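# Topology and contacts: notes
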Amino acid sequence: MSELNKLTLHEARNGLKNKDFSAVDLTKSYIQACEKYKKLNAFITETHEIALKQARESDKVLSGKGRPGLLEGIPIGIKDLFCTKGTLTTAASKMLGNFIPPYESTVTANLFARGAVMIGKTSMDEFAMGSANITSHYGNVINPWKRSGDNKDLVPGGSSGGSASAVSAFMCAGALGSDTGGSIRQPCAFTGIVGMKPTYGRCSRWGMVAYASSLDQAGVMARSVQDSAIMLESIAGFDEKDSTSANIPVPHWEKEIKTDVKGLRIGIPREYNVKSLPEDIKALWEKGTMWLKDAGAEIVEISLPNTEYALPTYYIIAPAEASSNLARYDGVRYGHRTTNDIASIDDMYEKTRAEGFGAEVKTRIMMGTYVLSHGYYDAYYKKAQKVRRLIAEDFRKVFEKVDAILTPTTPIAPFPIGERTDDPVSMYINDLLVVPASLAGLPAMSVPAGLNSEGLPLGLQIIGNAFDEQTVFNIGSAIEEAADFKATPEGF
Amino acid sequence: MSGGDIIKGNTGDWEIIIGLEVHAQVTSKSKLFSGSSTEFGSEPNSQVSLVDAALPGMLPVINEYCVEQAVRTGLGINADINPRSAFDRKNYFYPDLPQGYQISQFKEPIVGKGKVVVDLKNGGTREVNIERIHLEQDAGKSLHDQSPDSTFIDLNRSGVALMEIVSEPDMRSAEEAAEFMKKLRTILRYLGSCDGDMEKGSMRCDANVSVRRPGELMGTRCEIKNLNSIRNIINAINYEARRQVEVIEGGSLIDQETRLFDADKGTTRTMRSKEDAHDYRYFPDPDLYPLVITATFVEKIRKTLPELPDAKKERYMNKMGLSAYDANVLVADKSSAEYFEEVAEKHEPKMAANWITAELFGRLNKSGKIIDECPVSSKKLIGLLNLIKDNTISGKIAKDVLDIMFDTGKDAEIIVEENGLTQVTDTSEIEGVIDAVLAENAEKVAQYRSGKEALFGFFMGQIMKASKGKANPAIVNQMLKKKLSS
């Protein structure tokens, strides 16, 4: 029964169905892995007792007492910004260090309704603000991968870095993440796993701690494309409690996956070939293009002319919304409140927020407050909204000609913890290629496609048309098959 | 148009310019963006959902009923309904504002320009233009008097739907502002979109006040916050206008600022100056898509609109022959109008109006009751008027009967019977009384016959008195004339 944790989600599901092992066996195997790899610091809260209890329930269902759900008995990691009823939910912030929600987010409620087992709450960048998982109040998360011949700890990417490390190191079969400007795809690329951000509106945001409401979207992280389809199917769906959720049915993505890409038109956007793109990433992109071409897809060179404005646009809109979304953390009703002497209500706010928020969160709140301020609104926020519409328009036009877009996921490979911290822009550059799809609200996936010269995983990104996740899954599968990416981090 | 008030300053005349921002709570069982109850007077914090308390990850969902009521209100003041409106966040920190922002409509309100016709005391009218109506959330309540060292927060009101109705600076006296507020309240009550109860805080306003030399450019205005009674509106505006005149005549300038009215002292004081004004950092709420209102939706609501006070008044005057005064009094309150119309269906409208505005309202005023608490139902008043019409009792007796009805709630017919008040129409009986009275006053009869015809009234009075008011006055009149001329 050893190494059950190495199975993919769908393999594990088959094993459970065939009674090769029980959900409790499977869960114990993951709990062991969690104990063993604690040093990665992937979890903020481990919920092993809850997991075993859920697993026992699943075993009852699997033994014929009820209809097994899509994820019956499967241990899943949950990013700590999904509110879980009765379980600490911190968003990796001291501000919510004592917050136990009396409610369950829609996405996790869906997950549990399909039989999933909660192995723990995974770490993340504080309030999902970061690309390296170095802004968590609970310490850095470590990438299980290492450069060949180098023992330096590398970042797992962010903000869903805990989920990425946990899936990559076999501490859970899959994990929930959230993607505001690449927070699923970028860490998945950095840890050699599959990450899928669906169309904005596909998953309910109810009960998900908000960073930037117009961009935040729940998504999934797994070790295969099929696994990611199973998971997304489990959490997606209309929710009347979220006014931005889309009232359209959830397709059976898993069942419909076809690796045959014959006749599909794949767009290769010229603007993503940025000067700073390293040769190995460029080479992998070309390889990916060839795989699809060889499989019968038509390769189309396309232009998304406003791509270069995506990152600055994102860094106006997201902080603007964040500055307002995070105003509720004021120490009045829940969460951290200063215990220092206070002279006035303003003093209470100032001390509470100064103590409760980390540096990156403060930076973004200040940026956001600035761009919304009287006299600056038009020059920054309003202009950014216009540019955002132009970016979405670029995509809309392109999707008249192509079925999907192929790009690298990141312009860099995972880097050592501590690097790229002097200049925030050198950190923000991580998300250069993932941010545009977020701004346009489009579904996008990162698929591991190869290793760089240092032995580190690299991902390719597939961007689909709105609500056409199926094509993204299909192309993802085709690349998965062609790349035959079997590498795992050494020692895990 | 009336001229409005003129303040006589030391250096000449000043005109007052007033615009109001009225906050009207939407009559809705649940809040603007959550399902919690809006019931007044409940235990503190007993009507607070996760959304109202702004827990992490909570999202607003628009209450369609509130949208309907805003549209209804817009139609009620002949305003444009905007096919597209949007919600914005107004950001500021306050302990009773859980989200750290109020969801409001800043750039694109749901209702555009409209108009309210205000009836003035002098019989004239003033048209007050409405700039816009928008929907927004109310905040909670900070209770500073519960503990010496802490402030308590009650979030029951947090998230309750308000309509902010913004007028143009079209009013020229505190009384006009008060009349505008009353008229608006009447319209809202007719529409049912707000109960207009100022005591419960369902309706309150901020007043923008400035003064100027008649005919000159607008002066700098001050905003007086949170006026919650008609009396406070009048007192605050009058005080503020005089203060401004004194400041200007004293050689200083008015600072554009927000002021608070102290009802006990009858004065206004600075709340915050322009320099301290908040930067609310309005931006579109990304949790809510723009509100799209179709023509079909608007037309559906339009069909359910009741007849509004202005139309009613017109009909009462033109079709029913009522005086402007009676019509105004009756339409000022939806219940009075309904009461009147029920009575006017059975009796001549002018007579019905008379009995209601003079007799019934007089008694209601004296007992401090409102029409909805009136012990005499419209059906019972109809019964009383029936007795006058069929000559069972005289109008004079009817007034006494109404008193008893008011005290006991009994039917007029029963009261008349119990007290033997039936009018005497038997001519032989009346003749006897007349003869007796004339015999007792033979001297006056002689004077009458020699030309002092004014004595006719004296005889009438004596006869009615002798019959204890029960003799039918018309018959008495006729017979008396005959007797005196024979």
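Residues numbered from 1 in each chain as written. Chains lettered and ligands numbered in written order. Predicted model: local features only at pLDDT ≥ 70, side-chain atom pairs only at ≥ 80, totals over all residues. Heavy atoms only, no water.

Adjacent strands of a sheet pair through backbone hydrogen bonds, lying either parallel or antiparallel. Residue and element names in this part refer to chain A. Strand order across the open sheet formed by 11 strands is β1-β3-β2-β4-β6-β5-β10-β11-β9-β7-β8, with mixed pairing between neighbours. At either margin of the open sheet sits one strand with a lone partner, and together these are β1 (43-46) and β8 (298-302). Neighbouring strand axes in the sheet, compared pairwise and without regard to direction, differ in orientation by 30° on average. As judged from the 2 bridges shared by strand β7 (residues 265-269) and strand β9 (residues 404-408), these two strands associate in the parallel manner. Counterpart to I266 in the pairing with β9 is A404. Helix α3 (residues 48-62) rests against β1 and β3 (117-122) of the sheet, and its axis sits at about 160° to β3. Across the sheet, helix α7 (residues 225-235) lies against β2 (75-79), β4 (174-179), β5 (194-197), β6 (217-222) and β10 (444-451), angled at about 145° from β6, the strand it touches most. (Pairing = 2+ DSSP bridges. Helix = DSSP H or I, 4+ residues; strand = E, 2+ residues; numbered from the N terminus. Axes fitted to C-alpha atoms, helices over the stretch in contact; angles between N-to-C directions. Contact = heavy atoms within 4.5 Å.)

Take a nonpolar patch on the surface next. A surface patch of nonpolar side chains, amounting to about 270 Å² of accessible area, comprises Y370, Y376 and Y380 of chain A. Structurally, the position occupied by Y376 of chain A is in the loop between α12 (359-372) and α13 (378-398). (Patch = residues over 30% accessible without salt bridge, like charges linked within 9 Å, V, L, I, M, F, W, Y side chains within 5 Å. Areas by Shrake-Rupley, 256 points an atom, 1.4 Å probe, with all protein chains shown as cover. Salt bridge = Lys/Arg side-chain N within 4 Å of Asp/Glu carboxyl O.)

Turning next to the interface of chain A and chain B. Contacts between the two partners involve 38 residues from chain A and, on the opposite side, 30 residues from chain B. With both chains or domains summed, chain A and chain B bury close to 2,800 Å², and 58% of this area falls on carbon and sulfur atoms. Ranking the residues of chain A by area buried against chain B places S243, S324 and R328 of chain A at the top, with a combined share of 21%. The tally of links between chain A and chain B comes to 1 salt bridge. Taken together, chain A and chain B are joined by 17 residue pairs in polar contact (both at pLDDT 80 or more). When residues of the side of chain A that touches chain B are traced back to their parent elements, those giving at least two are α10 (310-325), α11 (345-356) and α12 of chain A. Tallying contributions element by element places α10 of chain A first for the side of chain A that touches chain B, with 5 residues. (Buried area = accessible area lost by both parts, 1.4 Å probe. Polar contact = N/O pair within 3.5 Å; in protein donor to acceptor, adjacent residues only side chain to side chain.)

So, about a negative patch on the surface. Residue and element names in this part refer to chain B. Residues E338, E342, E345, D372 and E373 make up a contiguous surface patch of negative charge. If you trace the backbone, E373 turns up in the loop between α8 (349-367) and α9 (378-389). With relative accessibility at 46%, the residue E373 sits in the partly exposed group. (Lys, Arg positive; Asp, Glu negative; His and termini not counted. Charge placed at Lys NZ, Arg CZ, Asp CG, Glu CD. Buried < 20%, exposed > 50% of the residue type's maximum accessible area, 1.4 Å probe, protein only.)

Right, let's get into the confidence of the model for chain B. When pLDDT is averaged along chain B, the result is 93, and 99% of the positions lie at 70 or above. The complex model carries a pTM of 0.91, and its ipTM stands at 0.96. (pLDDT = per-residue confidence, 0-100.)

On to the packing of aromatic side chains, then. Within this structure, the stated rule accounts for 25 aromatic pairs over all chains. Ring geometry for Y381 of chain A versus F283 of chain B: centroids 5.7 Å apart, planes at 75°, classification edge-to-face. In this pair, Y381 of chain A is assigned in helix α13 and F283 of chain B in strand β15 (residues 283-284), connecting two distinct chains. F283 of chain B matches Y381 of chain A in its accessibility class, with the two residues each being buried. The structure contains a cluster of three or more aromatic residues connected by ring pairs, namely F99, F127, Y329, Y334 and F357 of chain A. Against the face of Y101 of chain B rests R89 of chain B, its NZ or CZ located 4.1 Å from the ring centre. Directly above the ring of Y280 of chain B sits K90 of chain B, whose terminal nitrogen or CZ lies 4.4 Å from the centroid. (Phe/Tyr/Trp six-rings, centres within 6.5 Å; stacked < 30°, edge-to-face > 60°. Lys NZ or Arg CZ within 6 Å of the ring centre and 35° of its normal.)

To continue, consider the pattern of salt bridges. Applying the stated criterion across every chain, the model contains 56 salt bridges over all chains. The residue D287 of chain B makes a salt bridge to R205 of chain A at a minimum N-O spacing of 3.1 Å. Here the residue D287 of chain B occupies a position in the loop between β15 and β16 (291-292), and R205 of chain A occupies one in the loop between β5 and β6, the pair thus bridging two chains. With relative accessibility at 3%, the residue D287 of chain B sits in the buried group. The salt bridge partner of K483 of chain B is E431 of chain B, with a shortest N-O separation of 2.8 Å. One end of the pair, K483 of chain B, is in helix α15 (residues 473-485); the other, E431 of chain B, is in helix α12 (residues 427-440), with 52 residues separating them in the sequence.

Now for α15 of chain B. All names here are of chain B. In this model α15 runs 18 Å from its N-terminal to its C-terminal C-alpha over 13 residues, within 8% of the 18 Å that 1.5 Å per residue would give. The complete set of buried residues in α15 reads I475, V476, M479, L480, K483 and L484. Buried residues of α15, viewed axially, fall in a sector of 145°; they line one side. Of the exposed residues in α15, the ones pointing more than 90 degrees away from its buried face are A474, Q478, K481, K482 and S485. Packing partners of the buried residues in α15 comprise α12, α13 (442-449) and α14 (456-466). Taking the backbone nitrogen of A474 as reference, a side-chain oxygen 2.9 Å away marks N472 as the first, capping residue of α15. (Expected span 1.5 Å × (residues − 1). Arc of directions from axis to C-beta.)

A separate point is a positive patch on the surface. Taken together, the side chains of K382, K383, K386 and R389 of chain A together with K107 of chain B define a basic patch exposed on the protein surface. Looking at the secondary structure, you find K382 of chain A in helix α13. Residue classification places K382 of chain A among the partly exposed positions, given a relative accessible area of 37%.

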